[in-house]
Amino acid sequence: MSVLEFYKNRKVLITGHTGFKGSWMCRLLALAGAEVTGYALEGAEGCNLFAICRLGADVDSVIGDIRSLEHLRDVFDRVQPEIVIHMAAQPLVRESYINPVYTYETNVMGTVNVMECVRQTPAVRSVVNVTTDKVYHNREWEWGYRESDELNGYDPYSNSKSCSELVTSSYVNSFFRDRNVAVSTCRAGNVIGGGDFAVDRIIPDCVRAAQSGGEIVLRNPYSTRPYQHVLEPLGAYLMVAKAQYYDKTLAGSYNVGPDEDSSRTTGNLASLFCDKWREATGYVVSCTQQCVEGPHEAGFLKLDASKIKRRIGWKPIWDVETAVEKTVEWWKIYMEDGDIVGCMDEQIRGYFNG
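Quick caveat, the model's predicted, so the values are computed rather than measured.

K.L.:
How should I be thinking about the packing of aromatic side chains in this particular structure?
P.N.:
One pair of aromatic rings is described through two measures. These are the centre distance and the angle between the planes. Counted under the stated rule, the structure contains 15 aromatic pairs. Judged by centre distance (5.2 Å) and plane angle (75°), the rings of Phe6 and Tyr245 are edge-to-face. Taken as a pair, Phe6 in the loop between helix H1 (2-5) and strand S1 (11-15) and Tyr245 in helix H9 (residues 231-246) lie far apart in primary sequence, 239 residues in all. Between Phe6 and Tyr246 the ring centres are 5.6 Å apart and the planes differ by 70°, which places this aromatic pair in the edge-to-face class. Remark: Tyr246 occurs in helix H9 and Phe6 occurs in the loop between H1 and S1; sequence separation between them is 240 residues. Taking relative accessible area as the criterion, Phe6 reaches 7% and is therefore assigned buried.

K.L.:
Just checking my understanding: could you explain the environment of Ala305 for this structure?
P.N.:
Relative to the elements of secondary structure, Ala305 occurs in the loop between strand S13 (283-285) and helix H11 (306-311). A C-alpha to C-alpha distance of 26 Å links Ala305 and Gly110, two positions 195 residues apart in sequence. Not counting chain neighbours up to four residues away, the residues in contact with Ala305 comprise Asn255, Gly257 and Trp314.

K.L.:
Looking at this model, I keep getting lost on the environment of Ala32. Mind explaining?
P.N.:
Tracing the sequence through the fold places Ala32 in helix H2 (residues 20-32). Excluding anything up to four places from it in sequence, Ala32 contacts Leu4, Tyr7 and Lys8.

K.L.:
What am I meant to see in the state of the cysteines here?
P.N.:
In this structure the tally under the stated criterion is 0 disulfides. Unpaired in this structure, Cys26 has its nearest cysteine sulfur neighbour in Cys53, at a distance of 11 Å. Its sulfur unpaired, Cys206 is 6.2 Å from the next cysteine sulfur, which belongs to Cys274. In this structure Cys206 comes out as buried when scored by relative accessible area, which is 0%.

Thresholds applied
Throughout this document, residue positions are counted from 1 along each chain, in the order its sequence is written. Under the rules for a predicted model, residues below a pLDDT of 70 receive no local features and side-chain atom pairs below 80 are neither given nor counted, while totals for whole chains, interfaces and linings still include all residues. Hydrogens and water molecules were not included; the side-chain quantities draw on all heavy atoms of the structure. Any two of the Phe, Tyr and Trp rings considered here, Trp counted by its six-membered ring, make a pair once their centres fall within 6.5 Å; the pair's planes then place it as stacked at under 30 degrees, edge-to-face at over 60, or tilted in between. Numbering of helices and strands starts at the N terminus; helices are DSSP runs of H or I of at least 4 residues and strands are runs of E of at least 2. Relative accessibility decides the category of a residue: with a 1.4 Å probe and only protein chains considered, values under 20% of the type maximum give buried, values over 50% give exposed, and everything between is partly exposed. Any two residues having at least one pair of non-hydrogen atoms within 4.5 Å are treated as being in contact. Any cysteine sulfur atom paired with another within 2.5 Å is treated as part of a disulfide.

Purely geometric numbers; function is a separate question.
Right, here's the structure in full:
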């Protein structure tokens, strides 16, 4: 767990800490002994991982809107963080078609506000802006996108994250070149793991179907995505933040995705879930391969993660089968009212010690 040892007693500010990835990051950094401040909206109504695990006891949890520059600046002024990990976002493609203005306000101006607070906070040494694998102009080709490929996401969510990349680059060029602060963006693939209750995500939909005894309904079982366990990108963000803290020349843009043989179709992933869950009955398709249901979504998407492997030394630890196995393990414990925080801690230690 050497990467985690770096974070002991360090002041880390996380935006989006009440979300799925943010909740795992809070627990991960709590185990590392970091002094964590989170800034985010309240977790989603109903079931949400942050509330279920009482993670507010692990962090200084500030409820606020990333669109509020004044409030966010007050938090930066009070905390004086060394490390900032920006994960707050409107994260769903289909939601971005329904609420495009909110999506752009959150994902673009939210990034502007974070970078402006960094600009005005001399204590900050290392920043990671988490974007997405969907920032690229998707040409539906079968090889992985590289960091040098064109940015131009199609839908409002993907495009807003492309804009977030450009905002970050502009702040680096305009304000951070001559400062002792390193800033990177990380473009992660689709994540799975225990505690994701979101709508319109494949594993949560599979879990809900399995719980109800119904069939899993897929919009498009043929779409290919770089699926990975949530601990994979979180480990990468922490490694990047640590590496550039000591060596600013390592700052840049990094893809974070599985090895090529772990990219699976949605149908493959659903079948793998059924194998691991055992009681699940399989899936049905709500749309044929040729039809189009709902707004446009990319069909084929892979990442080339060779840059982060070469420059930072990160590499995937768990293949997609292990990722699904760990996800199902968490959900089974949750359904049995078991020790889900203990399960998370065991998975974290297993991942970082493995």
